[in-house]
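The primary structure of each chain is shown beneath.
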Amino acid sequence: MGGVGEPGGEPGPREGPARLGAPLPTFCWEQIRQHNLPGDMWLVIERRVYDISRWAQRHPGGSRLIGHLGAEDATDAFHAFHRDLNFVRKFLQPLLIGQLAPEEPSQDGSQNAQLVEDFRALHQAAKDMKLFEAKPTFFAFLLGHILAMEVLAWLIIYLLGSGWVPSTLATLFMAVSQAQSWYLQHDLGHASVFRKSWWNNLAQQFVMGQLKGFSAHWWNFRHFQHHAKPNIFSKDPDVTLAPVFLLGESSVEYGRKKRRYLPYNHQHLYFFLIGPPLLTLVNFEVENLAYMLVCMQWRDFLWAASFYSRFFLCYLPFYSVSGVLLLFVAVRVLESHWFVWITQMNHIPKEIGHEKHRDWASSQLAATCNVESSLFMDWFSGHLNFQIEHHLFPAMPRHNYHRVAPLVQALCAKHGLVYEVKPFLTALVDIVGSLKKSGNVWLEAYLQQ
């Protein structure tokens, strides 16, 4: 029996894929941890060790996403992000370089092996209950009511004219359509609607491009990182907001380094001015356009252009150019408020900081909470009030979250994990309270000598 790293030889790293039929080299976690750089990266899936150094740039989800899981056990992330595992394993085979040594645990560090095992059993139970199978009528209704809102908005202007009252009503209906389109493209991005990834991708490009004017690839690029490492600085784009807003551990860091780009002790106040009103209108628009141009996503660019062409062609007969622009801005500002409050009520009040290298279930639960369910809230939030279930099972169709929730609660109770559910208004207030708390922490650290 050879040493760890080489079959029949001395311990040491192995380069190149394992030969078909040859004994697999074995590695220990100490060796694997050394390969966590962009040009030299390994990861572990189901106790198999893969060298993704060169392939990471070709990863469909982006090199950053898979890079965030470097030198870790990525088994649960692998299962969470991929529907057709047999298909994806074909791409893994050429990257295989070995396996964990028999005496090595499946997870690195002090992770709870029993929790990991129980979560994987829960994931299998959800599969057996067919909770990953979508209801076509559910998503057809969602798309239908989005299109109906768009048509209704145009009919209001066509039949009633372009006065303030009809324009306000049309703006409201378009804002509803835009917000609900966010949710539908989100479902499609997670491949939770169709069984074939290709159909999900095409439908997402239509919804995100033609109905919203954004790039599907841009959204997936940033959103999948959020799911892989929620509330982790430099890995989750949604919380990497400094120097505009300070969250979690960044408050202390900025205070100790005497950094004061903005009055952070008042960030809970200027949040109302530049957070909800401008995220979609300014930040997303600029970031989205830059991504399409830099990454040369010309198909997405054409999809987005079709949205703006349709919008102007529909409303230029009733408004001046400046009037159409004002209508567009009004819709974007309304949907931006909707988007920010709904998406952040489950995350900003939770733990935010640097990498802790937790197991999948623990990391998701530490960064998420739920909001009390009702028929209206489920629709209004796109079922993101079930944020815990969504983060544990991102590929699960959202109409099944309520069915898996009791199983998740039982898992949390068994392992002493917090399963937090809040009233809606409390969740909104907690966003502001969390910003205020982080600002005060910054001020206290900033004033210390």
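Worth saying up front: this structure is predicted, and the values here are computed from it rather than measured.

Q: Describe the overall build of the chain, with residues and values.
A: A tally of regular secondary structure across the chain gives 19 helices and seven strands. Relative to the compact-globule value of 22 Å for 449 residues, the chain shows a C-alpha radius of gyration of 24 Å, a close match. Judged by the C-alpha coordinates and their principal axes, the chain covers about 85 × 60 × 45 Å. Within the chain, the proportion of its 449 residues that are buried is 52%. Summed over its atoms, the accessible surface of the chain is roughly 21,200 Å², and 63% of this surface lies on carbon and sulfur atoms.

Q: Describe the sheet that holds strand 1 (residues 26–27), listing the residues and the values that go with them.
A: Pairing is mixed across the open sheet formed by five strands, whose spatial order is 1-5-4-3-2. Every interior strand has two partners, whereas the edge strands, strand 1 and strand 2 (36–37), have only one. In the sheet, strand 4 (residues 48–51) pairs with strand 5 (residues 96–100) via three bridges, with the strands oriented antiparallel. Of the residues in strand 5, the one forming a bridge with tyrosine 50 is leucine 96.

Q: Explain the side chain of glutamine 225 to me, using residue names and the numbers behind them.
A: With respect to the helices and strands, glutamine 225 occurs in helix 9 (residues 216–228). Given a relative accessible area of 2%, glutamine 225 falls into the buried group. Glutamine 225 has contacts with Arg64, Leu65, His68, Lys235, Asp236 and Pro237, leaving out every residue within four places of it along the chain.

Q: How would you sum up the confidence of the model for the chain? Please name residues and give values.
A: Averaged over every residue, the pLDDT of the chain is 93; residues scoring 70 or more account for 95%. Low pLDDT, under 50, characterises residues 1–14; the predicted model gives this stretch 36 contacts beyond four residues in sequence or across chains.

Q: I'd like a rundown of the pairing of strand 5, residues and numbers included.
A: Burial analysis of strand 5 places four of its five residues in the buried class, which makes it a mostly covered element. In this structure, strand 1 lies alongside strand 5, joined through two bridges in parallel fashion. Its bridge partner being in strand 5, threonine 26 is matched across the sheet by glutamine 99.

Q: Run through the nonpolar core, naming residues and quoting values.
A: Core analysis: the largest hydrophobic core is formed by 40 residues, its most contacted members being Tyr50, Leu392, Phe393, Met396 and Val408. Mapped onto this core, the elements with two or more residues apiece are strand 3 (40–45), helix 3 (75–81), helix 4 (85–92), helix 5 (113–128), helix 15 (360–367), helix 17 (387–392) and helix 18 (401–415). Top element by residues in this core is helix 18. It accounts for six residues. With near-sequence residues (within four places) excluded, methionine 396 lies in contact with Ala126, Leu131, Phe132, Ser192, Tyr401 and Val404. Listed in part, the 38 residues of the second largest apolar core include Val176, Tyr254, Phe380 and Trp442.

Q: Residues and numbers for the packing of helix 7 (residues 164–189) against helix 9, please.
A: Angle between the axes and distance between the axes: these two values describe a pair of packed helices. In contact at an axis separation of 11 Å, helix 7 and helix 9 are set at 75 degrees when each is read in the N-to-C sense. Here helix 7 is positioned roughly perpendicular relative to helix 9, judged by the angle of their axes. Along its contact with helix 7, which presents Trp182, Gln185, His186 and Gly189, the element helix 9 presents Trp218, Trp219, Asn220, His223, Phe224 and His227. Grouping the constituent residues of the contact of helix 7 with helix 9 by class yields four nonpolar, six polar and no charged.

Q: Go over the pairing of strand 4 with me, naming the residues and quoting the values.
A: Relative to strand 4, strand 3 runs antiparallel, the two being bridged by four bridges. Bridging across to strand 4, leucine 43 finds its partner in tyrosine 50. Hairpin geometry of strand 3 and strand 4 is characterised by an intervening segment of two residues between the two adjacent antiparallel strands and by a positive phi of about 55 degrees at glutamate 46.

Q: Can you lay out the packing of aromatic side chains for me, pointing to particular residues and giving the numbers?
A: The tally for this structure, following the rule as stated, stands at 47 aromatic pairs. With a centroid separation of 6.3 Å and 80 degrees between ring planes, the pair formed by tryptophan 298 and phenylalanine 301 is classed as edge-to-face. Of the two residues, tryptophan 298 and phenylalanine 301 both sit in helix 13 (residues 298–315), three residues apart, roughly one turn of that helix. Owing to a relative accessible area of 45%, tryptophan 298 belongs among the partly exposed residues under this scheme. Looking at phenylalanine 301, the relative accessible area reads 32%, which means it is partly exposed. Ring geometry for phenylalanine 380 against phenylalanine 424: centres 6.1 Å apart, planes inclined by 80 degrees, an arrangement best described as edge-to-face.

Q: So what's going on with helix 15? Residues and values would help.
A: Among the eight residues in helix 15, eight count as buried, and that is most of the element. Of all the positions in helix 15, only Trp360, Ala361, Ser362, Ser363, Gln364, Leu365, Ala366 and Ala367 are classed as buried. Against the buried residues of helix 15 lie helix 3, helix 5, helix 9, helix 17 and helix 18. At the N-terminal end of helix 15, a side-chain oxygen is found 3.2 Å from the backbone nitrogen of alanine 361, two or three residues along, and the residue is aspartate 359.

Q: With reference to specific residues and values, describe the environment of alanine 77.
A: Turning to its location among the elements, alanine 77 is positioned in helix 3. Between the C-alpha atom of alanine 77 and that of phenylalanine 311, which follows or precedes it by 234 residues, the distance is 39 Å. Contact partners of alanine 77, with chain neighbours within four places excluded, come to Leu69 and Trp360.

Criteria and thresholds
Residues numbered from 1 in each chain as written. Predicted model: local features only at pLDDT ≥ 70, side-chain atom pairs only at ≥ 80, totals over all residues. Heavy atoms only, no water. Helix = DSSP H or I, 4+ residues; strand = E, 2+ residues; numbered from the N terminus. Rg over C-alpha atoms; globule rule 2.2 N^0.38 Å. Buried < 20%, exposed > 50% of the residue type's maximum accessible area, 1.4 Å probe, protein only. Areas by Shrake-Rupley, 256 points an atom, 1.4 Å probe, with all protein chains shown as cover. Pairing = 2+ DSSP bridges. Contact = heavy atoms within 4.5 Å. pLDDT = per-residue confidence, 0-100. Core = buried A, V, L, I, M, F, W, Y, C linked by side-chain atoms within 4.5 Å. Axes fitted to C-alpha atoms, helices over the stretch in contact; angles between N-to-C directions. Parallel < 35°, antiparallel > 145°, perpendicular 65-115°, else oblique. Nonpolar A, V, L, I, M, F, W, Y, C, P; charged D, E, K, R; others polar. Phe/Tyr/Trp six-rings, centres within 6.5 Å; stacked < 30°, edge-to-face > 60°. Polar contact = N/O pair within 3.5 Å; in protein donor to acceptor, adjacent residues only side chain to side chain.

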